[in-house]
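Read off the chains here:
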Amino acid sequence: MAIELKMPALSPTMEEGTLAKWLVKEGDTVKSGDILAEIETDKATMEFEAIDEGTIGQILIAEGTDNVKVGTVIATITGEGEDAAPTPAPAPTAEAPKADAPKDEAPRKAESGTEQLIVKAKAAVADPAIPEGTAMVRLTVREALRDAMAEEMRADDRVFVMGEEVAEYQGAYKVTQGLLDEFGARRVIDTPITEYGFAGLGTGAAMGGLRPVIEFMTFNFAMQAIDHIVNSAAKTNYMSGGQMRCPIVFRGPNGAASRVGAQHSQNYAPWYASVPGLIVIAPYDAADAKGLLKAAIRTEDPVVFLENELLYGRSFDVPDLPDHVLPIGQARIMRPGKDVTVVSYSIGVGLALEAAEQLAGEGIDAEVIDLRTLRPLDTATVLASLKKTNHLVVVEEGWPTCSIASELAMVAMEHGFDDLDAPVTRVCNEDVPLPYAANLEKAALVDVQRVVAAVKAVRNRG
Amino acid sequence: MAKAPARASAAPKKTASTPTPANNREQPRDPVPYDATPAELEKFYREMLLIRRFEEKAGQLYGLGLIGGFCHLYIGQEAVAVGLQSALDGDKDSVITGYRDHGHMLAYGIDPKVIMAELTGRAAGISRGKGGSMHMFSVEHKFYGGHGIVGAQVSLGTGLAFAHKYRGDGGVAMSYFGDGASNQGQVYESFNMAELWKLPIIFVIENNQYAMGTSVNRSSAEDQLYRRGESFRIPGMQVDGMDVLAVRGAAEAALEWVRAGKGPVLMELKTYRYRGHSMSDPAKYRSREEVQAVRDKSDAIEHLKKLMTDAGIGEDKFKDIDKEIRAIVAESADFAESAPEPELHELYTDVLVEQY
Ligand SMILES: Cc1ncc(C[n+]2csc(CCOP(=O)(O)OP(=O)(O)O)c2C)c(N)n1
Ligand SMILES: [Mg+2]
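Conventions we followed
Residues numbered from 1 in each chain as written. Chains lettered and ligands numbered in written order. Predicted model: local features only at pLDDT ≥ 70, side-chain atom pairs only at ≥ 80, totals over all residues. Heavy atoms only, no water. Helix = DSSP H or I, 4+ residues; strand = E, 2+ residues; numbered from the N terminus. Rg over C-alpha atoms; globule rule 2.2 N^0.38 Å. Buried < 20%, exposed > 50% of the residue type's maximum accessible area, 1.4 Å probe, protein only. Contact = heavy atoms within 4.5 Å. Areas by Shrake-Rupley, 256 points an atom, 1.4 Å probe, with all protein chains shown as cover. Lys, Arg positive; Asp, Glu negative; His and termini not counted. Charge placed at Lys NZ, Arg CZ, Asp CG, Glu CD. Buried area = accessible area lost by both parts, 1.4 Å probe. Salt bridge = Lys/Arg side-chain N within 4 Å of Asp/Glu carboxyl O. Polar contact = N/O pair within 3.5 Å; in protein donor to acceptor, adjacent residues only side chain to side chain. Nonpolar A, V, L, I, M, F, W, Y, C, P; charged D, E, K, R; others polar. Pairing = 2+ DSSP bridges. Axes fitted to C-alpha atoms, helices over the stretch in contact; angles between N-to-C directions. Expected span 1.5 Å × (residues − 1). Core = buried A, V, L, I, M, F, W, Y, C linked by side-chain atoms within 4.5 Å. Parallel < 35°, antiparallel > 145°, perpendicular 65-115°, else oblique. Left-handed = near helix turned anticlockwise from the far one by under 90°. Donors = N, O, S within 2.8 Å, 3.2 Å for Na, K, Ca; no water. Phe/Tyr/Trp six-rings, centres within 6.5 Å; stacked < 30°, edge-to-face > 60°. Lys NZ or Arg CZ within 6 Å of the ring centre and 35° of its normal.

**Describing the overall build of chain A**
Within chain A, the regular secondary structure consists of 13 helices and 22 strands. Here the C-alpha radius of gyration of chain A, 24 Å, is about what a compact globule of 462 residues would show, namely 23 Å. Over its C-alpha atoms, taken along the principal directions, chain A stretches across nearly 80 × 55 × 45 Å. For chain A, the residues scored as buried account for 58% of the 462 residues in total. Long-range contacts, defined here as pairs at least 24 residues apart, represent 78% of the contacts in chain A between residues at least 6 apart. Accessible area for chain A stands at about 18400 Å²; split by element, carbon and sulfur atoms hold 52% of it. Here chain A contributes 42 positive and 69 negative side-chain charges, whose respective centroids are spaced 5 Å apart.

Below, the structure written as structure tokens:
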């Protein structure tokens, strides 16, 4: 009986991929370990190896096919002594049930609570910072970030990118793809695994007059380097009476990723946002990712730029401008509304927008604000909205204790108390290290339903 | 001019040496004591004396309550900063150190007045009174601090070297740190990158034998600190840090290597601090006799004075220099005492450079 080869899942978030190349053809004999094909995901190009011995029966998906869903039968292998002659090809769709395939052999994609974080929601109104009538291009957040770095590197020789796997590997999450080719090894630098060391080196290089962009593979690993971010980069300008500048960007993915457990899933936004002397930016969509990263590279102050792995592959409209730079420190109203203000940042913005959609169907008109910059915090935009809606809900993919949500609640107490018709409410992750088990991960992370419930509760209080 | 004579010293035996390599790799040449002109000898003497008198005065002002917090004096170690920095090119080479930083600033020609005024926390201080003893900088003099976190200056200095190389400006970074700091992990992270990328940096361990109250022997599995770069292929030199000519001579050999693009050098300067770690030091970890013995036998200023006397400089000259230096220090102390404190609004300035 022919063995079916199925499109493999090569990363926790992979749902489909491109069958880039077949390295075997029908009739070839293969043994375990032979490379059959190259498969491209949004993160990398991977080799697909044979596990069984036999002869390639049929190739069902031609090379160069995009968007092949995980689990789709891409070829068959016949065992020894079996007839390798092609049999009529089944329809190459993942959905087609395979009567002859035992149920438990069907690839089951590991579930993840992070799926509840990924919604299709987009801003309902245009960013006023972008001139009306500007043409748009579709870009992923990943491409937008890469373009931001490339444009700034073209414009200023002092800008360089340094980090683990940023050059030859093209970025652990492919964010720096192509930069080495364009700018060479002088300006795109692979480091050893040495976060404390290269964070310090970058900070020193900034003090010495360069403009480093330091990539952390994820911000979880920046814990090793937080001393330089806080003690060396953030404080030096003050301690030197304004003499010593430190124009550096520390960037990388932050927050929960899919099924990677507690040590690889933390939101550090409140940590860095508590430090005077730092700028902290956490964009949601691709236009903001691009415009704000360019601003971050240009500013004279040290910036912590928090990205989100789950958003890297999402596509958004990005202004087709030669130099799309956004102001740091300005929140953006993503959806105007009059009944309740829902504030969030980074991936939480999607949840807030999605919840607002649902609430609209139930007659509640929510205004959604994306903070974009967490330090300095644009409290004016939040307070103006609160004045209008008299209700405030904060959505944050992160722990509740000492969070951006806590901070906003205090801001509302201090400056918006008379505008509040109900207590400020927060929708945060559960106050536990992020668990691995799919069901527990789901339970721990924020989701749209929790936002909807919180908004309704807050509306019912007054 | 006279070569440094061999002499009894409490610290190292040899004035400077490059250890025999464990392999056939090229090494920096063996350093020789610097052959100084009379004018250079006098310059070294003035600089070292300025540091000593300045630090003594800072100690007094601390005792009077005019200087607060931590104040780490450089007394005893003067020959290190003066010998090394005299070999640098102040227009292009950069210097960075830890919190024991007054001496390095004076050796780089920074005005004693603004340093002292920083110690007293005045608006005229080099950091406008907002840095204090441990956090002083002068971008103009390519002096990059002044850092309070033990070991941080090693990675930061490696970054300065990276910037020199990136720009191709021919500069070398000199990063000073202590024997205690040499046990920090980031030091080795920096060694690795510096050698891997052949960065123009001289790592200087000022081995004054103690990290606060912990002697080198109690903290270091390998107490020959010049060997700490070996597994990164960084050549090491051990130098008598109480002999300014040995220090200068070793600096020249190290600079030759680094400027030739051969990567970093690690220098261990054997020295001694006479005073407590900071002004509040119980000093229970060493005996008075130990300190006195070094002062008597190995003092760097006395040693240089002897060389100059041998070269025919008379007592009157020394008296003149001493008077001059005392006047400079007294002036800086007066300035630091009388200068006004920062305006209260300064509390909120310099947090960020730009407006958002
Ligand atoms: C990371 C860190 N740990 C501890 C301290 C406290 N501390 C300040 S100086 C010092 C001793 C350092 O000794 P050494 O490196 O030999 O330099 P020295 O004081 O002798 O010049 C310690 C432990 C600090 N400032 N930073
Ligand atoms: Mg020491």
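**Notes on the interface of chain B and chain A**
Listed per partner, the contact involves 38 residues of chain B and 49 residues of chain A. For chain B, the biggest contributors to the area lost against chain A are Y166, V353 and Y356 of chain B; these three give 22% of the whole. Counting across the interface, chain B meets chain A through zero salt bridges. Summed over the shared surface of chain B and chain A, the number is 25 residue pairs in polar contact (both at pLDDT 80 or more). Counting residues per element, the ones that place at least two in the side of chain B that touches chain A are α5 (152–167) and α6 (185–196) of chain B. Here the element with the most residues in the side of chain B that touches chain A is α5 of chain B; it accounts for 10 residues. Looking at the side of chain B that touches chain A, its residues break down into 20 nonpolar, 11 polar and seven charged.

**What to know about the sheet that holds strand β7 (residues 65–69) of chain A**
The strands that make up a sheet are held in pairs by hydrogen bonds between backbone atoms, and each pair lies either parallel or antiparallel. All names here are of chain A. Here we have four strands laid out as an open sheet, ordered β5-β4-β2-β7, and antiparallel in their pairing. Unpaired on one side and paired on the other, β5 (45–49) and β7 mark the two borders of the sheet. Taking each pair of neighbouring strands and ignoring which way they run, the sheet shows an average axis angle of 40°. Pairing geometry for strand β4 (residues 35–40) and β5, over five bridges, is antiparallel. Within the sheet, the bridge partner assigned to I39 lies in β5 and is M46.

**Quick word on helix α3 (residues 195–207) of chain A**
With 13 residues, α3 of chain A should cover 18 Å at 1.5 Å per step; its first-to-last C-alpha distance of 18 Å lies within 8% of that length. Burial analysis of α3 of chain A places 13 of its 13 residues in the buried class, the great majority of the element.

**A short note on the pairing of strand β2 (residues 16–22) of chain A**
All names here are of chain A. Where β2 meets β7, three bridges bridge the pair, whose relative direction is antiparallel. The residue bridging G17 from the neighbouring strand is V68, located in β7. Pairing geometry for β2 and β4, over four bridges, is antiparallel. Residue pairing for β4: W22 is matched across the bridge by A37.

**Overview of the sheet that holds strand β18 (residues 340–344) of chain A**
Residues and elements named next belong to chain A. Strand order across the open sheet formed by five strands is β17-β19-β18-β21-β22, with mixed pairing between neighbours. The open sheet has two edge strands with one neighbour each: β17 (332–335) and β22 (425–428). Neighbour-to-neighbour, the strand axes of this sheet turn through a mean angle of 25°, independent of strand direction. Where strand β21 (residues 392–396) lies against β22, four bridges are found, and the strand directions are parallel. Bridging across to β22, V394 finds its partner in R426. Contacting β18, β21 and β22, helix α11 (residues 404–415) crosses the sheet at an angle of about 160° to β21.

**Some thoughts on the nonpolar core**
F216 and F250 of chain A together with F162 of chain B are the most contacted members of the largest nonpolar core, which has 80 residues in total. With eight residues, the top contributor of residues to this core is α5 of chain B. Apart from residues no more than four positions distant in its own chain, F216 of chain A is found in contact with E195, F198, A199, A222, A225, I229, F250, R251, G252 and P253 of chain A. Grouped together as the second largest cluster of nonpolar side chains are 75 residues, L84, A87, L119 and M308 of chain B included.

**Considering helix α13 (residues 448–460) of chain A**
Across its 13 residues, α13 of chain A extends 18 Å between first and last C-alpha, which sits within 8% of the 18 Å expected from 1.5 Å per residue. Those residues of α13 of chain A that are buried lie in contact with β18, α9 (348–361), β21 and β22 of chain A.

**Quick notes on the environment of Q263 of chain A**
Residues and elements named next belong to chain A. With respect to the helices, strands and loops of the structure, Q263 is situated in the loop between β13 (249–253) and α6 (269–273). Note on Q263: relative accessible area 69%, which makes it exposed. Counting along the chain gives 199 residues from Q263 to G462, while the straight-line C-alpha distance between them is 40 Å.

**Comments concerning the packing of α3 of chain A against helix α4 (residues 226–234) of chain A**
The axes of two packed helices give the description: the angle between them and the distance between them. Residue and element names in this part refer to chain A. At a minimum axis distance of 8 Å, the contact between α3 and α4 shows a crossing angle of 20°. If you check the angle between α3 and α4, you find them roughly parallel. Viewed along their axes, α3 and α4 form a crossing whose handedness is right-handed. Where α3 approaches α4, its residues Y196, A199, G200, T203 and M207 are matched on the opposing element by D227, H228, S232 and A233. Tallied by class, the residues present in the contact of α3 with α4 amount to four nonpolar, four polar and one charged.

**Digging into the coordination of the magnesium ion (ligand 2)**
Metal coordination angles have textbook ideals: 109.5 degrees for a tetrahedral set of four donors and 90 or 180 degrees for an octahedral set of six. Residue and element names in this part refer to chain B. Taken together, the protein ligands of the magnesium ion (ligand 2) are D179 (OD), N208 (OD1) and Y210 (O), with distances of 2.1 Å. Between consecutive donors of the magnesium ion (ligand 2), the numbers of intervening residues give the motif D-x28-N-x1-Y. Using a relative accessible area of 5% as the deciding quantity, one classes N208 as buried. Overall, Y210 belongs to the buried group, its relative accessible area being 9%.

**Quick word on the packing of aromatic side chains**
What describes a pair of aromatic rings is the distance from one ring centre to the other and the angle between the planes of the rings. According to the stated counting rule, one finds 19 aromatic pairs over all chains in the structure shown. Here Y45 of chain B and F318 of chain B contribute two aromatic rings whose centre-to-centre distance is 5.2 Å and whose plane-to-plane angle is 65°, an arrangement assigned as edge-to-face. Here Y45 of chain B, found in helix α1 (residues 38–63), pairs with F318 of chain B, found in helix α11 (residues 315–338); they are 273 residues apart in sequence, far enough to count as distant. Judged by relative accessible area, Y45 of chain B falls into the buried class, the value being 5%. Take F318 of chain B: its relative accessible area is 3%, and that puts it in the buried class. An aromatic cluster of three or more residues is present, and its members are F198, F216, F219, F250 and Y272 of chain A. Against the face of Y436 of chain A rests R259 of chain A, its NZ or CZ located 4.0 Å from the ring centre. When the ring centre of F335 of chain B is taken as reference, the NZ or CZ atom of K113 of chain B above it lies at 5.8 Å.

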